[in-house]
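The residues making up each chain are set out below.
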Amino acid sequence: MHKGSTYNITKLFLDKLSDKNPEITEFFMPKHTPGFCVGCFNCFTKGEDACPHADTVQPIVKEMEKADLLILESPCYVFGMSGQLKTFLDHMGYRWMPHRPHERMFSKIGLVISTAAGAGTRKVTKDLKNNLFYWGVPKTYCYGKHVGALNWETVKPEKKKQIESEVTKLAEKISREVCNVKPGIKTKVMFKIMKMNQKSNDWNATDKEYWIKKGWINGKNPW
Ligand SMILES: Cc1cc2nc3c(=O)[nH]c(=O)nc-3n(C[C@H](O)[C@H](O)[C@H](O)COP(=O)(O)O)c2cc1C
């Protein structure tokens, strides 16, 4: 929630995107973090609305489904993402490809951002990218920066200049690709494997019915 280095870099990205008037919806952890996942499996077996935290999770999910660009950002905490964000991402388990991915995810672009004082952003961006991949997002850019500081105010001016230049280049690339992205071979192969799993799925009727209803078991694709 605090406006630290990670948030300021994210803001920089938003300012540099070529659409000068993008519609931006932001969620902040822990303000919007649902309660911890209690492992009830309701989302998987009964449906996402049966999650005890559906009231806090679903408004975020609905906004994410509408978006063209999904940005996940977290400072590095002990070589991982913040617990607050992880708690939210746990609630997205039912949207992973082995369960009930949303078709709109397959045409989105992702951007994951992390900062650390000295080391660890690679682990954070890799984990965040992995989440997006398993939701179906075919293309995700990573931006990790070791800022050498505990807050944005004390990041050295030359480091900020370097960040601004890197962000500008990456934002231009993302601007060109937003709304213009298609699943690559990795996503297609993973989806095919999940389709085979669903064909022989005899343990979760909720997931299987979803796949049947979407026509994916019979050869339709979500993209
Ligand atoms: C609980 C905690 C754990 C941290 N763990 C790491 C770490 O593993 N590696 C590192 O280089 N910096 C670590 N830091 C420092 C932050 O990652 C770093 O200052 C970051 O830029 C803060 O981002 P923010 O300004 O967006 O909060 C940690 C900070 C906190 C509060």
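What you see is a predicted model, and the numbers here were worked out from it, not measured in a lab.

*Asks:* For this particular structure, what's the right way to read helix α5 (residues 121-135)?
*Replies:* Helical geometry note: an α-helix holds 3.6 residues per turn, so side chains three or four residues apart project in the same direction. The end-to-end C-alpha distance of α5, which contains 15 residues, comes to 21 Å, matching closely the 21 Å that a straight helix rising 1.5 Å per residue would cover. Of the positions making up α5, those classed as buried are Thr121, Val124, Thr125, Leu128, Asn131, Leu132, Phe133 and Trp135. Buried residues along α5 sit in contact with α3 (54-66), β1 (69-75), α4 (83-90), β2 (109-116), β3 (139-146) and α7 (185-199). Directly beyond the C-terminal end of α5, a positive phi value near 115° is found at Gly136.

*Asks:* Please clarify how the packing of aromatic side chains should be interpreted in this entry.
*Replies:* How two aromatic rings sit relative to each other is set out by the distance from centre to centre and by the angle between their planes. Under the defined criterion, the tally for this structure stands at 12 aromatic pairs. Ring plane angle 75° and centroid distance 5.3 Å describe the contact between Phe191 and Trp223, whose orientation is recorded as edge-to-face. Here Phe191 is found in helix α7, whereas its partner Trp223 is found in the segment after α8 (205-214), with 32 residues between them in sequence. Among the aromatic residues, those joined into a cluster by ring pairs are Phe106, Phe191, Tyr210, Trp211, Trp216 and Trp223. Taking NZ or CZ as reference, Lys3 lies 5.1 Å from the ring centre of Tyr7, over its face. The ring of Phe133 is capped by Lys186, whose NZ or CZ atom sits 4.4 Å from the centre of that ring.

*Asks:* How should the UniProt feature "domain: NADPH-dependent FMN reductase-like" (unreviewed entry) in the protein be read in this particular structure?
*Replies:* Sites flagged by UniProt as "domain: NADPH-dependent FMN reductase-like" (unreviewed entry) map to residues 2-136. The span residues 2-136 is 39% helical and 11% strand by assignment, and the distance between its end C-alpha atoms comes to 30 Å.

*Asks:* What exactly am I supposed to notice about the packing of α7 against α8 here?
*Replies:* Helix-helix packing: each pair is described by the crossing angle between the helix axes and the interaxial distance. At their nearest, the axes of α7 and α8 sit 10 Å apart, and the two run at 120° to each other. For the pair α7 and α8, the sense of crossing is left-handed. Here Phe191, Met194, Lys195, Gln198 and Lys199 of α7 come into contact with α8, specifically with Asp207, Lys208 and Trp211.

Here is what the cut-offs are and how they apply
- Residues numbered from 1 in each chain as written.
- Predicted model: local features only at pLDDT ≥ 70, side-chain atom pairs only at ≥ 80, totals over all residues.
- Heavy atoms only, no water.
- Helix = DSSP H or I, 4+ residues; strand = E, 2+ residues; numbered from the N terminus.
- Expected span 1.5 Å × (residues − 1).
- Buried < 20%, exposed > 50% of the residue type's maximum accessible area, 1.4 Å probe, protein only.
- Contact = heavy atoms within 4.5 Å.
- Phe/Tyr/Trp six-rings, centres within 6.5 Å; stacked < 30°, edge-to-face > 60°.
- Lys NZ or Arg CZ within 6 Å of the ring centre and 35° of its normal.
- UniProt positions renumbered as here; feature names shortened; annotations may be inferred.
- Axes fitted to C-alpha atoms, helices over the stretch in contact; angles between N-to-C directions.
- Left-handed = near helix turned anticlockwise from the far one by under 90°.

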